Structures are given as C-alpha cells and as structure tokens.
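As a plain string of letters, each chain reads:
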Amino acid sequence: MRFLLIFAGLLSIVPFVIGFVVTLFIPDVPWIGRLVVAAIPAFCTFFAVILLGSRDSARYSATIKKVRGNLLASWDSTDEQFLSARPCEDTSLLLELREAIAQFFDVPACKIARNVDLISDLHVDQLEPTFQFAVVRPAITSRQKEPESFGFSTTNLHSIDELVTAIREVLDQNSGSIKADHQ
C-alpha cells in the first residue's frame with residue numbers, strides 16, 4: 001500500500017504542475033486560487049490511482065487465492081506420474097516449470113498436474129506480467145549462455161507442454177541469433 005501511495009503522489013504532481021502553469025495565463029487570479037485550481041486535478045488523479053490500484057491488487061489477490069485453493073484441493077502426482085502423462089523432449093525444463101509454477105502459487109509441486117490448463121485453471125491471462133517474471137523469465141534466463149532480451153507471450157498457451165514448446169522456441173531463436181552474430 002505504501003508503494004501505491006507514493007506512486008499516486010508522484011503521478012499527481014504532473015496534473016498539479018500542468019494546472020498551475022495553465023493558471024498563470026489567467027489574469028487577476030490570486031495565488032491561492034491558482035493553487036486550488038491546480039490541486040483539483042492533482043487530487044482527482046491521486047484518488048483515481050488509489051482506487052484503480054486497490055481494485056487491481058484485490059483482483060490479483062483474489063485470483064491467486066482462488067487458484068491456490070483449487071490446486072491444494074487437487075490430487076497429488078509424483079514426478080514420474082507427471083512425466084509419464086505424455087512424452088516430452090525437455091523433461092528438465094518441464095520439471096523446472098512445474099516447480100516454478102508451484103512456487104508462484106505457493107503450493108507443493110506435487111499439486112501441479114500435467115493436464116492443468118494455464119488459462120482456465122491457473123488464470124495466467126489475469127496474472128500477467130507477474131507470471132512471466134516469476135515463471136517464464138527464470139526458465140529462459142537460466143538456459144541462456146549470454147543474457148539476451150526476448151519476446152514472449154502466453155496468449156493461446158493452454159498446457160504446460162505448450163509453454164515448454166514456446167520457451168524452447170525462444171531459446172532456439174536466441175541461440176540462432178548468437179551463432180549468427182559470432183560468424
């Protein structure tokens with residue numbers, strides 16, 4: 001909440017300054033009037049940022065709590081059961097993603113099933129970009145030889161297998177650009 005208050009205060013400085021500068025072009029207005037006119041849009045901005053930030057924070061927390069509850073109520077699956085559901089070329093990445101997702105939702109890794117849907121079960125679309133920073137980014141950066149920027153989207157990804165494939169594509173694309181740079 002402290003961050004939200006600081007951000008709202010800093011953001012409200014912009015309309016205050018603009019409002020104050022505009023009042024300088026109006027003749028015969030006392031200084032207190034100029035300050036009041038400049039403070040009105042600043043207060044509205046401050047209040048709007050607080051309301052919208054609080055609403056977004058509440059939605060985020062509710063989504064995390066709902067997903068965590070659903071995951072904790074689900075059946076446990078061992079790593080062997082998780083891997084045997086379907087073949088996968090990169091089992092280490094698959095297990096790393098499973099662990100990262102479990103940490104993100106603060107549940108044991110055994111609660112993350114292979115058939116979990118990223119959109120309907122985990123609501124990843126509502127948890128962007130936090131999900132990418134906590135789950136996807138570490139998986140990509142830990143496998144890069146040299147730190148590189150990358151573009152990634154979880155849009156239309158529904159399974160953990162699709163997520164692994166998308167991460168693999170980013171890694172292959174980045175390794176291809178590194179080879180091309182060195183030639």
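Attention in this report is confined to the structure presented alongside it. (Residues numbered from 1 in each chain as written. Predicted model: local features only at pLDDT ≥ 70, side-chain atom pairs only at ≥ 80, totals over all residues. Heavy atoms only, no water.)

### Here we look at unusual backbone geometry
- The omega angle of the peptide bond from Glu128 to Pro129 is -5°, so this bond is cis rather than trans.
- Within the fold, Pro129 resides in the loop between helix H4 (91-105) and helix H5 (130-141).
- One non-glycine residue with positive phi stands out, namely Asp28, at about 60°.
- Following the sequence through the fold, Asp28 ends up in the loop between helix H1 (2-23) and helix H2 (31-73).
- In this model, Asp106 sits at a positive phi of 55°, which is unusual for a non-glycine residue.
- Turning to its location among the elements, Asp106 is positioned in the loop between H4 and H5.
- Judged by relative accessible area, Asp106 falls into the exposed class, the value being 57%. (Helix = DSSP H or I, 4+ residues; strand = E, 2+ residues; numbered from the N terminus. Buried < 20%, exposed > 50% of the residue type's maximum accessible area, 1.4 Å probe, protein only.)

### Some points on the environment of Val21
- On the secondary structure map, Val21 appears in helix H1.
- Put simply, Val21 and Thr78 are 57 residues apart on the chain and 65 Å apart in space, counted from C-alpha to C-alpha.

### Describing the packing of aromatic side chains
- Evaluation of the coordinates by the stated rule reveals 6 aromatic pairs.
- For the ring pair Phe3 and Phe7, a centre distance of 6.2 Å and an interplane angle of 15° mean the geometry is stacked. One end of the pair is Phe3 and the other is Phe7, both in helix H1 and 4 residues apart, which spans about a single turn.
- Here Phe3 falls in the exposed class, since its relative accessible area comes to 66%.
- Taking NZ or CZ as reference, Arg98 lies 4.3 Å from the ring centre of Phe82, over its face. (Phe/Tyr/Trp six-rings, centres within 6.5 Å; stacked < 30°, edge-to-face > 60°. Lys NZ or Arg CZ within 6 Å of the ring centre and 35° of its normal.)

### Remarks on the environment of Thr155
- With respect to the helices, strands and loops of the structure, Thr155 is situated in the loop between H5 and helix H6 (160-182).
- Sequence-wise, Thr155 and Val124 are 31 residues apart; in three dimensions their C-alpha atoms are separated by 9.2 Å.

### Some details on a nonpolar patch on the surface
- On the surface, Ile6, Leu10, Ile13, Val17, Val21, Leu24, Phe25 and Trp31 cluster together to form a nonpolar patch covering roughly 850 Å² of accessible area.
- In this structure, Val17 sits in helix H1. (Patch = residues over 30% accessible without salt bridge, like charges linked within 9 Å, V, L, I, M, F, W, Y side chains within 5 Å. Areas by Shrake-Rupley, 256 points an atom, 1.4 Å probe, with all protein chains shown as cover. Salt bridge = Lys/Arg side-chain N within 4 Å of Asp/Glu carboxyl O.)

### Some points on the side chain of Lys111
- One can find Lys111 in the loop between H4 and H5.
- Using a relative accessible area of 14% as the deciding quantity, one classes Lys111 as buried.
- A polar atom in the side chain of Lys111 sits 3.2 Å from the backbone oxygen of Leu72.
- Each residue touching Lys111, except ones within four places of it in the same chain, is listed here: Leu71, Leu72, Ser74, Trp75 and Asp76. (Polar contact = N/O pair within 3.5 Å; in protein donor to acceptor, adjacent residues only side chain to side chain. Contact = heavy atoms within 4.5 Å.)

So, to be careful, I would describe these as geometric facts and stop short of saying anything about function.
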